[in-house]
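Residues per chain are reported as follows:
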Amino acid sequence: MKKLLVVILLCITLPSWAQKPFSRDYWLNDAGVPIKVNALILDESGYIWVGTADGLYYFNGRTFNKIADTARQPITALTCSENCIWIGYANGNVSTCINNTIMPYEIFGRHGHSTINNIYKDKLGILWLCTESEGIYCVVNNAAIVCNTNKGLSDNFIYAALELPYNSLLAGSDKGINIISLYHHKVNIDVITTLQGLPDNIVKVLKKVPDTTQYWIGTQQQGIAIFDYESKKILPYKYPKWKWGQVNDIEPVDKEHAWVATDEGYLLKIDLQSDSMKITQYSMAGDKIKKLLRDKVGNIWCATNRGITMVMEEYMGYIPLKRPFSLQEINALASDNDRYLWFAQSKELYQIDLANFNDIKHIFTAEATITSLHFDNHKQLWIGTLGKGLWYYDRLHVIRHITTITNLTQGQILDISGYRNEIWVSTLNGVEELVVPESNPSDPRLINHHSKHSGVGSDYVYHLYPDKDDHMWMATDGAGVSMYDGREYSRWDSSSGFKSQVVYSITQDAYGTIWAGTLNNGLFHYSNEKWHQYELQDGLQDVNISAIMGNKSGQIIVVNKKGIDEWYPDCMQFRHFNRRLDINIDSLSVQLNCIAKDVEGNVFVPYEHGIIVFKNIFQKQDIMPDVHISGLSLFFQPIEQGLHDFSYPENHITIKYDGINYSNPERLHYRYALNGFNDSWILTNDESVTFPKLPPGTYSFRVQVSLSNNFFNAKESSYTFTIAAPLWKRTWFIAAMLLLIGILIYYIQKLRDRRVSKVSLLQKERMIFEYEHLKSQVNPHFLFNSLNTLASLIEENTETAIDYTVHLSDLYRNMLAYKDKDLILLVEEMELLQKYLYIQQSRFGSALQLKVNISEKLLMNKKIVPLALQLLVENAIKHNVVSISSPLIIYIDANEYTIVVRNWLQPKMNTERGAGLGLINIRKRYFLLAKRQISYGVYDNEYIVILPLI
Amino acid sequence: MLLRFINVIMLALISYSSLAQVSIFEVSRGTISFHSDAPRELIFSTSKELRGAVNIQQKTFAFRVNIASFKGFNNDLQEEHFNESYLESTFFPDATFSGKIIEDIDLTKDGEYFLRAKGKLKIHGLEQERIIKAHVMIKDNRIVVRSDFIVPLSDHNIKVPRVVYDKLSPDIKVKIFATLLPKRVK
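As the structure is a computational prediction, the values presented were derived from the model and not from experiment. Within every chain, residues take consecutive numbers counted from 1 along the sequence as written. Chains carry letters from A onward and ligands carry numbers from 1 onward, assigned in written order. Local features are withheld for residues below a pLDDT of 70 in this predicted model, meaning they are given only at 70 or higher, and side-chain atom pairs are given and counted only at 80 or more; totals for whole chains, interfaces and linings count all residues.

Describing the overall build of chain B
To keep things clear, this is the line we draw: Only DSSP runs of H or I reaching four residues or more are called helices, and only runs of E reaching two or more are called strands; each is numbered from the N terminus. Put plainly, a residue is buried at 20 or more neighbouring C-beta atoms within 10 Å of its own, exposed at 12 or fewer, and partly exposed in between, counting only other residues' C-beta atoms, which are placed from the backbone.
The helix and strand inventory of chain B stands at two helices and nine strands. Listing every helix and strand of chain B by position from the N terminus yields α-β-β-β-β-α-β-β-β-β-β. Within chain B, the fraction of its 186 residues that count as buried is 20%.

Notes on the interface of chain B and chain A
Basically, it comes down to this: Whether two residues are in contact is decided by their C-beta atoms, placed from the backbone, lying within 7 Å. Charged residues are taken to be Asp, Glu, Lys and Arg, nonpolar residues to be Ala, Val, Leu, Ile, Met, Phe, Trp, Tyr, Cys and Pro, and polar residues to be all remaining types, Gly included.
At the junction of the two partners, chain B supplies eight residues and chain A supplies nine residues. For the side of chain B that touches chain A, the secondary-structure elements that each account for two or more residues are β6 (111-123) and β7 (126-139) of chain B. Considering only residue class, the side of chain B that touches chain A consists of two nonpolar, no polar and six charged.

Notes on the sheet that holds strand β30 (residues 330-335) of chain A
All names here are of chain A. Convention followed: By this definition, two strands are paired if DSSP reports at least two bridges between them. To get an axis, a line is fitted to the C-alpha atoms, and for a helix only the part in contact is used. The angle between two axes follows their N-to-C directions and goes from 0 to 180 degrees.
Strand order in this open sheet of four strands is β30-β31-β32-β33, and the pairing throughout is antiparallel. The sheet terminates laterally at β30 and β33 (356-365), the two strands that pair on one side only. Averaged over all pairs of adjacent strands, the angle between strand axes in this sheet comes to 25°, irrespective of strand direction. Two strands pair when backbone bridges link them, and β30 and strand β31 (residues 340-345) are joined in this way by five bridges, in the antiparallel orientation. Paired with A332 across the bridge in β31 is A344.

Some points on the nonpolar core
Residues and elements named next belong to chain A. Here is the rule we go by: One nonpolar core equals one set of buried Ala, Val, Leu, Ile, Met, Phe, Trp, Tyr and Cys residues connected by C-beta atoms within 7 Å.
Judged by nonpolar contacts, the single largest core of 225 residues is most densely connected at A161, C302 and V605. Those residues in contact with V605 that lie beyond four places of it in its chain are I557, V559, I564, L588, I595, I611, I612 and F614. With 33 residues, the next largest nonpolar core counts Y804, L811, L832 and I934 among its residues.

As for helix α6 (residues 826-844) of chain A
All names here are of chain A. Quick note on the threshold: The span you would expect from a helix comes to 1.5 Å times its residue count less one.
Taking 1.5 Å as the rise per residue, α6 with 19 residues should run 27 Å; its terminal C-alpha atoms sit 25 Å apart, in good agreement. Taken together, the buried positions of α6 are L826, E829, M830, L832, L833, K835, Y836, L837, I839, Q840 and S842. Downstream of α6 by a residue or two, G845 has a phi angle that is positive, lying close to 65°.

Let's talk about the sheet that holds strand β8 (residues 94-98) of chain A
Adjacent strands of a sheet pair through backbone hydrogen bonds, lying either parallel or antiparallel. Residues and elements named next belong to chain A. In space, the four strands of this open sheet follow the order β6-β7-β8-β9, with antiparallel pairing throughout. On the outer flanks of this sheet lie β6 (75-81) and β9 (101-104), each paired with one strand and no other. Averaged over all neighbouring strand pairs, the angle between strand axes comes to 25°, with direction disregarded. Where strand β7 (residues 84-89) meets β8, four bridges bridge the pair, whose relative direction is antiparallel. Across the sheet, W86 pairs through a bridge with T96, a residue of β8.

Remarks on the packing of helix α5 (residues 798-818) of chain A against α6(A)
When two helices pack together, you describe them by how their axes are tilted relative to each other and by the distance separating the axes. Residue and element names in this part refer to chain A. Condition: In this scheme, roughly parallel covers angles under 35 degrees and roughly antiparallel covers those over 145, while 65 to 115 is roughly perpendicular and the rest are oblique. We call a crossing left-handed when the near helix sits turned anticlockwise from the far one by less than a right angle, and right-handed when that turn is clockwise.
Contact pair α5 / α6: the axes reach a minimum separation of 9 Å and the direction vectors enclose 140°. With respect to α6, the axis of α5 lies oblique. With respect to the hand of their crossing, α5 and α6 are arranged in left-handed fashion. Seen from α5, the contacting residues are Y804, H807, L808, D810, L811 and N814; seen from α6, they are L832, K835, Y836, Y838, I839 and S842. Of the residues assigned to the contact of α5 with α6, the class counts are seven nonpolar, three polar and two charged.

Let's talk about the packing of α6(A) against helix α8 (residues 868-879) of chain A
Residues and elements named next belong to chain A. With their axes 9 Å apart at the nearest point, α6 and α8 run at an angle of 25° to one another. Accordingly, the angle class assigned to the pair α6 and α8 is roughly parallel. Each of E829, L832, L833, Y836, L837 and Q840 in α6 lies in contact with α8, whose residues at this interface are L869, Q870, V873 and I877. Grouping the constituent residues of the contact of α6 with α8 by class yields seven nonpolar, two polar and one charged.

Looking at the confidence of the model for chain B
Spelled out, the test is: As a per-residue measure, pLDDT tells how confident the predictor is, with possible values from 0 to 100.
Of the residues in chain B, 88% have a pLDDT of 70 or more, and the chain-wide mean is 86. Predicted complex, confidence summary: ipTM 0.79, pTM 0.77.

Below, the structure written as C-alpha cells:
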C-alpha cells in the first residue's frame, strides 16, 4: 500500500518535476506589456518574424521592430517565400510584406472570413490557406480554389497542411488527417482517423521528419505520433502516457530529434530510438507555447502568451545544485563516465547522480584540502590533496592513503592524470609517473620522476594532459608547455615561439589539435608545428584563462574571469556566455582546471547555481552573424530600397545595415568597404555609414559582420549603385553638342553662301535692268520723239522748251542716280515718274493722263524697286493707243501693302515690239529683294499690275 | 409471464425502430451551474433552463442557456451586477455552444464515452473556439451528458472592476448536467 502511494505520488509529481531550461524571455515592446504571439518564422536574411495579436514584428537578436499595418487584426499565421512574408489574419484576410511594407492580398473566389490557421507556400508557388471553417484554399494568382467537405475533406476545420511527394498535400483537421492528391485534375482524398490507428482525431501539427517520408503528427489530446507516408500508417513508437497537454507545435531538428511545445507550457525534447521515443521534459512555468522555431545557432524560440522565449537547451543545460554545493569552495570536478559526477569542496568529496540532481551524496572527508580528482581506466578514483598526498577510492567504496611512495605521502598535489595503467601526479617538486598493478591497484609503484632536471621546463606543473597518442602534455609555471612522448621531452617557451610563461591548462580537441590556456596571454593552439595565439581581438572575453576543455564535436570550452567562451571551429569564432545573457550565470569558479568531461563529450563547468553542461553540437550550428542592408538615405531622407541609379546632385548617401545574430548580438563587429571609392576595409561598430559628396561613378558597398575582429568566412551584404556624371560630362551629351555646333556652322555657312549668291544675282539683274532701261531711254523712238517735241517747243515757247530740257535732263540724272539702289522711297519714284510724264505729256497733251491716289504717309514710308512705275507707265504708253478721242488714263493706287497700276486696255494695232524684259526684270528684283511676287494681267478689260510695297 | 415477455419484445422493437429513425435528441432536463472561487468570495449559481439538442448521426450539437435564468447568487445586488454589469444580459440574453463531436464513436450504441465537443462558445456576445470534454452515457434511448470546463473572463471580454478583483475569479468553473431524450416526432 505504501509502495503504491509512493508510485502514485511520483506519477503526480513527475510533470511538475520538469526542469526549466536555460532560457531568456523577450518582450516585444520596451514597456514589457505582454503580447500574445501566434506565429514565428525565420526569413531568408535571418530575421525572426513574429506574428502577434498586435501586428507584425521582426527581430534581429537585439531589437524588435514593428511593421506598420493598417489591418489592425491579430495575425494568426505566417510564412516566408522569396523575400516575401505572407500573413494570415484572424479575420481571414491575407497580406504580404515586402521590404517592410504590408500590402493586402486580394483573393477572388473565396466565400467566408474564418480565421487562417496556417499559411503555406509550396515549391510551385501555390499558396495554401488552412482555415477554421472553410477547409483549405489553394491560391494561384489571386484566385482561390476551395477544398472542403463537399469535395471529400473529413472536416472543414484545418489546422495545418504540408506538401507531400507526388502532387499531394497532407492536411490535419478536427477529423483526422487528409491526404489530398490530384490525379488528372481529379481530387482524391484519403482520410485517416482514429479508426485507422491515428491516436487522436484532432491533428494540430504536421511536420516533416527531415530526410524521410515520415511526418510528425501533433494532436490535441494524445500527444505525438509519426505517420509513414509510404505505408500510410502510424508508426508504432512507444512512449509514456501523454501528460503534457495539447501539442501546439513540433520543431524537427534532424531525423532522430525534435522539440515539441504544448499548451500547458511544456517543452519536450524527443529522441527517436529504434522503437520508442525518449521524452525529456522542460517546464516553461505558466506559459502556453504556441509555436516553436529553431534558429541556426541552435536556440529554440518559443512563442508564448507574453512574447517570445529563447531556449538554449540544445547546446547548454545545467544541473541545479543546492547546499552543500558552494561555488566558492569547489576545487575539483570529475566524471566517472557512468552516471555520476564527482566534486570536491575543501576537504569533502561528493557525488551527484545525473539521473536525479537532487541526490548529492557525501563520500569522504579528507585530512587536507582536496585539489584534484582523476578516474583511471578502471573507474577508480584518485584523489590529490594539499599536504596529505595521494588517496585512492575504489569501486568497493574503500578509501586508502597511498603511503608507499615517499615523495607523495605528505605531498602537495597540484594535478593527477594518467593513461593506460599509469597515474601521473604533479607535485610541487615535479611530476611522478606511477604504474598501477592490476592485481593490487592500491599499491602503485613509482617508475619515473619528471622534473626540471630531467627535461621538463619547470618543476611546477599545473595541468597534466595525456593526448590520444599517450603523449603527456604539461602546463608549467614559468616555462610554457612541455611534452613527454615516452622517450624524450619537447618544450615550448618564450625562447621557442610560445609567448606565454605561465600555462594553466591543456586540452586536445576532436580533430586532434592541442590547445593551451594561459595566464594573461589568452589561448594557443598547436598546428603545423607552430603555436597560434588567440587574444582579445580574436574574440576572447578575457586572456586570463583558468580552464579549457574540448568536447566531442570539435568545440573548445574556455573558462575565464569574465565568463565562458566556446570556440566553434567551423565558424572560427567564439560564442560567449556571461552575465549579460540574462540566464543567471553570474560567477564561475576561479579554481584552475575545475572542469570535467563525460564519455559522451559533455563538458561540465561549475557556476553559482550548480553545474553548467556544455553539450556536443552534432546538429550544425552557424554562429556567424548575418548582415542585411536595411535602409538607404539620400541627404538623410530615407529612400526606397532597390534604387541603384542616382543623378549627379544626389551624392550624399547613407547606408544602414543590420547585423543579425542570436548567440551574441551584443558583440557584433562590422567592416565595410566602398569599392570604387576606396577599396580598403574600415572597421566600425556603427550600424550606418554616410558618404557625403561622392564623385560620379559606380560604387559597390560591401559590409561584413563578425563576432570578433576576425572576418574569415564572414557573411557579407552588398549594394551596388551608380551616381551619374553631370550632363556636361557625359559622352553622349558632348557628342550631341559637337554635332549641333557642326550643324549650326554648316547652316550658317550655307546661309551666307545663299545670301552672297542672291546679292550677286540681284546685282546681275539690276545691271540687266539698267542696261535695258538705258537702252529704252536711249531708244531712238524716245529720243526722236523727245527731240521732236523739244524742237517744236523751241519754236512755240522757249520758256517751256527750257523747262522741258531741264526735265529731260533731270530724268536722266535721276535714272543714273537710282540705278545702284535696290530700293527707293515711293516719293522719289513718284517724282521721277512725274518728270517722265511731263516729257510724255508734252508730246501727248491731255491724251495721257495719270491719276495718282496715294496717301502722303505711304509716299514717305514705303519703298519700291526704282524705275518700276516709270517702266509700267512707259509700257502702257508703248502698248496702248494714246489719242484725244480715247485718252490713256493710268491709275495708280496704293494701300499699305501694294501699289496698283492700271489702265483701260486699248491696244495699238501695231505694237512696238519690246524685249518684254521689263516686267520680268521687276519680278526677279522683287523676288530677290524680298521674296515678294508681283502680279499683272488683264482683268475686266483693264490691264492691271500689282506691285508689293516694301 | 408471457404477456410480460411479449411486452419486453415489443418495447425492444419499438425502441430499436425509434433509435433507427430518430437521430436528434433533445434536452429534457438540463442544469448548468458556475462557480467563481475567489480569495474573498465564493459565488455559485445555477440555471435549470439549459436547452439543446444532439444529432447522433451527424454528431453535431447545439446548447443554449438564458443568462437571466441563473439563480442562487449570494444576494440580489450580485445577481443584478451579474446581469447588468458583467454579462449584460439585455444585450446578450443567451450563452450558446454549438459544434461537432470529435471522437469516432457510434453514438447509436449504448455505452459510456468520454468525448470532446468542439465548437463555438458564445458568451457575452463573443465567440471562442473551444474543445470541451464531456462524459456521455447512452442507455435505453437516453443520453446523459456531464461536463465541466473553465471559462476565462478575458476570453469573452467580461471586464471586472479592480475593486472586485479578489471577489471574482478570472477563471469561472462551469458544470453541466443534462439528460437528452429522442425528439418526439409530431
